[in-house]
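An overview of the molecular structure
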There are 2 protein chains.
Amino acid sequence: MYQVVKGDESEIATILDRLEKRPVFLFCVGNTLTAEVPGITVAGANPELIKYTPPADVELLYYGKCKVIPFPPATPDGKPTPALITYTALRLTKVPFFVVDSGLMDKPDVPVIEVHAVTGKNIAEEDAMSVENAKKAFEKAVELGKQVSRASDVVVVGESIPAGTTTAGAVLKALGLECKVSSSMPENPVDIKMKVIEKAVSRLSGDETPLEVVAKVGDPVILTVAGIACGSEKPVIFAGGTQMVAVANVAERLGSVEGLIATTKYVAEDENADLTQSPLPVIAVDPMLGKSSKAGLRAYAEGFVKEGVGAGAATLLAYMRGISPDEFLKEVERDYERIIESK
Amino acid sequence: MYQVVKGDESEIATILDRLEKRPVFLFCVGNTLTAEVPGITVAGANPELIKYTPPADVELLYYGKCKVIPFPPATPDGKPTPALITYTALRLTKVPFFVVDSGLMDKPDVPVIEVHAVTGKNIAEEDAMSVENAKKAFEKAVELGKQVSRASDVVVVGESIPAGTTTAGAVLKALGLECKVSSSMPENPVDIKMKVIEKAVSRLSGDETPLEVVAKVGDPVILTVAGIACGSEKPVIFAGGTQMVAVANVAERLGSVEGLIATTKYVAEDENADLTQSPLPVIAVDPMLGKSSKAGLRAYAEGFVKEGVGAGAATLLAYMRGISPDEFLKEVERDYERIIESK
């Protein structure tokens, strides 16, 4: 059902068993103006649309369609958002989920939990947010994590933030870890990202606390997810790739965290993604999109998009609830036809 | 543990058993400018402070102290907010709770779920909100109710909105029901309230849908709680007095609702509160405050404050979790000393 990338198999199995009980999914969605650096992200059909991707993603989860933009988020060449896969899994399993405003520029037309996170500034130019803002939002996220964990057996947290792999890379580098950055593109614009990361990290003195690191070179999604994880009284499944590696490192330094990272095998197989930098176990799930009859889904197996909006963990949830990989792929394709092809 | 005011005992017991499993509490807090009518409410130490009562109430639930104002909400003569009782129950039971912004004028410093509810206007002068606003917030509340119910066995919804008994009275009257209005004061300003209600209802044609009634003469808390109840896939405990009678009537007309109203015996014994207008079962819980050594708490048994912020249902929760009435009273008194007397 999944591959172990890192960690102890029985420890991992114990945490994942909780997906069969009462999981709650949270989606931390936000923006960083770092996404406005030309060429840094394809999480949007064109540069003007990029900022709408996070709210549109969560509208898709709620309604199977988007409202802030008239069609689902996609790359410029039409690869659809991974929210589609998560939508299918949540639709089939009816697992509860909530959206957390982690610094959105534009609000979605769904219920949203506010923790006073602010949109991240462009880390190439200036600090993402003030340390004071970061503290305020972090504390609120801790409270939220506590409450959500009391209503569940495991808290699964996914994300949507264009250019989030770049801010994650900067946080990893600032924490003294090796910094590789995955991407929604097979031709990963590593040079552009690395330049931004270098510029951001060069502003640091090296004496920053982990929270200050996030405030200066991170983004509000990393901040919020880390806060939720620190507040949770139950294990946390960090649902994502390299971004969650950064989050897990931050959370580990700010509190005591039990959990693991769950991502797709497309990230795990990406040579630009170094999941072993995670302080927590890591697993990879195969959504079998390489076998799809739909070119837009097969593209995931060819290195496009790869992960996001908790797609890997959502796929695992579906598998653990007794939906076979073949069945699940069929259901994803059905939603693809209804949501993407009919647009 | 409770008295049955209305309804079938075994049906009630079946719903309440769920409090022993996994309840989730929601607090729908908001404002109506109807509270600015002189003399209509004492939910605040003075008229300028009234609008801060709802955010301060939920800050008290989270932190055991307030932030938007430097001290806990109280009546002008110092009777403390019922949020104190709810705080004690949640502290002891560790049951998860969330705050829903149901039209707040001022935001609390806690995580808050937004459903796009707007502050209610003064119903003596104009419609509380546009029908379009009401529909938008109602739909979002329905979605929220669905998700929360999937994370719980029973959804308990409390409220805080100064002058809420007046808007509730107007909704009851507009729906063709008998309209009595309870109050936080033993000298209930019935004349002032009735004048406002008359003026509000006189604007109606009589052809309004239930949602239009709430938009025109109700408030955003009634709207939001009704939406949550309609979206819930589990039974709902409406945690309050006459306001919840109005909500239950609205919810019943807008959807199919299973549940009951749980309030304090202080409301049930109030001759100005007609709980039998509820379409759902009603129970009354005794927090034993008449036995308290603290004058501020004994006042509840003398007709002051009486209920609010889900205090009755929270007391029942504590009892059902094995805390005896005497123990619970002691814990409430301990919190009273720390939170109220030390201020």
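Treat the numbers as computed from the prediction; the structure is a model and nothing was measured.

The rules behind these values
- Residues numbered from 1 in each chain as written.
- Chains lettered and ligands numbered in written order.
- Predicted model: local features only at pLDDT ≥ 70, side-chain atom pairs only at ≥ 80, totals over all residues.
- Heavy atoms only, no water.
- Salt bridge = Lys/Arg side-chain N within 4 Å of Asp/Glu carboxyl O.
- Helix = DSSP H or I, 4+ residues; strand = E, 2+ residues; numbered from the N terminus.
- Buried < 20%, exposed > 50% of the residue type's maximum accessible area, 1.4 Å probe, protein only.
- Least-squares fit on C-alpha atoms with pLDDT ≥ 70 in both.
- Contact = heavy atoms within 4.5 Å.
- Buried area = accessible area lost by both parts, 1.4 Å probe.
- Axes fitted to C-alpha atoms, helices over the stretch in contact; angles between N-to-C directions.
- Parallel < 35°, antiparallel > 145°, perpendicular 65-115°, else oblique.
- Left-handed = near helix turned anticlockwise from the far one by under 90°.
- Nonpolar A, V, L, I, M, F, W, Y, C, P; charged D, E, K, R; others polar.

1. A short note on the pattern of salt bridges
- Taken as a whole and assessed by the stated rule, the structure comprises 44 salt bridges over all chains.
- Ionic pairing is found between Glu-233 of chain A and Arg-150 of chain A, a salt bridge with its closest N-O pair at 3.0 Å. Highlighted residues: Glu-233 of chain A in the loop between α8 (220-231) and β6 (236-239) and Arg-150 of chain A in helix α4 (residues 131-150), separated in sequence by 83 residues.
- Glu-233 of chain A gets classed as partly exposed once you look at its relative accessible area, which sits at 44%.
- Judged by its relative accessible area of 18%, Arg-150 of chain A is buried.
- Put simply, Glu-198 of chain B and Lys-173 of chain B hold a salt bridge, and the shortest N to O gap is 3.6 Å. Placement of the pair is Glu-198 of chain B in helix α6 (residues 190-201) and Lys-173 of chain B in helix α5 (residues 164-174), with a sequence separation of 25 residues.
- You can call Lys-173 of chain B partly exposed: its relative accessible area is 32%.
- Here the salt bridges share partners, and the residues they tie into one network are Lys-67 and Asp-109 of chain A together with Lys-136 and Lys-140 of chain B.

2. Here's the deal with the relation of the copies chain B and chain A
- Note on the copies: chain B fits chain A at an RMSD of 0.0 Å, the axial shift is 0.0 Å, and the rotation between them is 180°. What the superposition gives is, in effect, a two-fold axis relating one chain to the other. Of every C-alpha in chain B, the one belonging to Ile-113 of chain B sits nearest the axis of rotation, 2.1 Å from it.
- Interface residue correspondence from chain B to chain A reaches 100%, placing this contact among same-surface, isologous pairings.

3. Some remarks on the interface of chain B and chain A
- Each partner contributes to the interface: chain B provides 28 residues, whereas chain A provides 28 residues.
- When chain B packs against chain A, the two sides together hide about 2500 Å² of surface, and 56% of this comes from carbon and sulfur.
- It is Arg-22, Gln-147 and Arg-150 of chain B in chain B that bury the most area against chain A; as a group they hold 24% of the surface buried on that side.
- Where chain B meets chain A, there are six salt bridges.
- With its nearest N and O atoms 2.5 Å apart, the salt bridge here joins Lys-140 of chain A to Asp-109 of chain B.

4. Concerning the packing of helix α2 (residues 53-63) of chain B against helix α3 (residues 83-93) of chain B
Residues and elements named next belong to chain B.
- At a minimum axis distance of 9 Å, the contact between α2 and α3 shows a crossing angle of 25°. The orientation of α2 relative to α3 falls into the category roughly parallel. Viewed along their axes, α2 and α3 form a crossing whose handedness is right-handed. Together, Asp-57, Leu-60, Leu-61 and Tyr-63 of α2 and Ala-83, Leu-84, Thr-86, Tyr-87 and Leu-90 of α3 make up the contact between the two elements.
- Taken together, the residues that form the contact of α2 with α3 break down as seven nonpolar, one polar and one charged.

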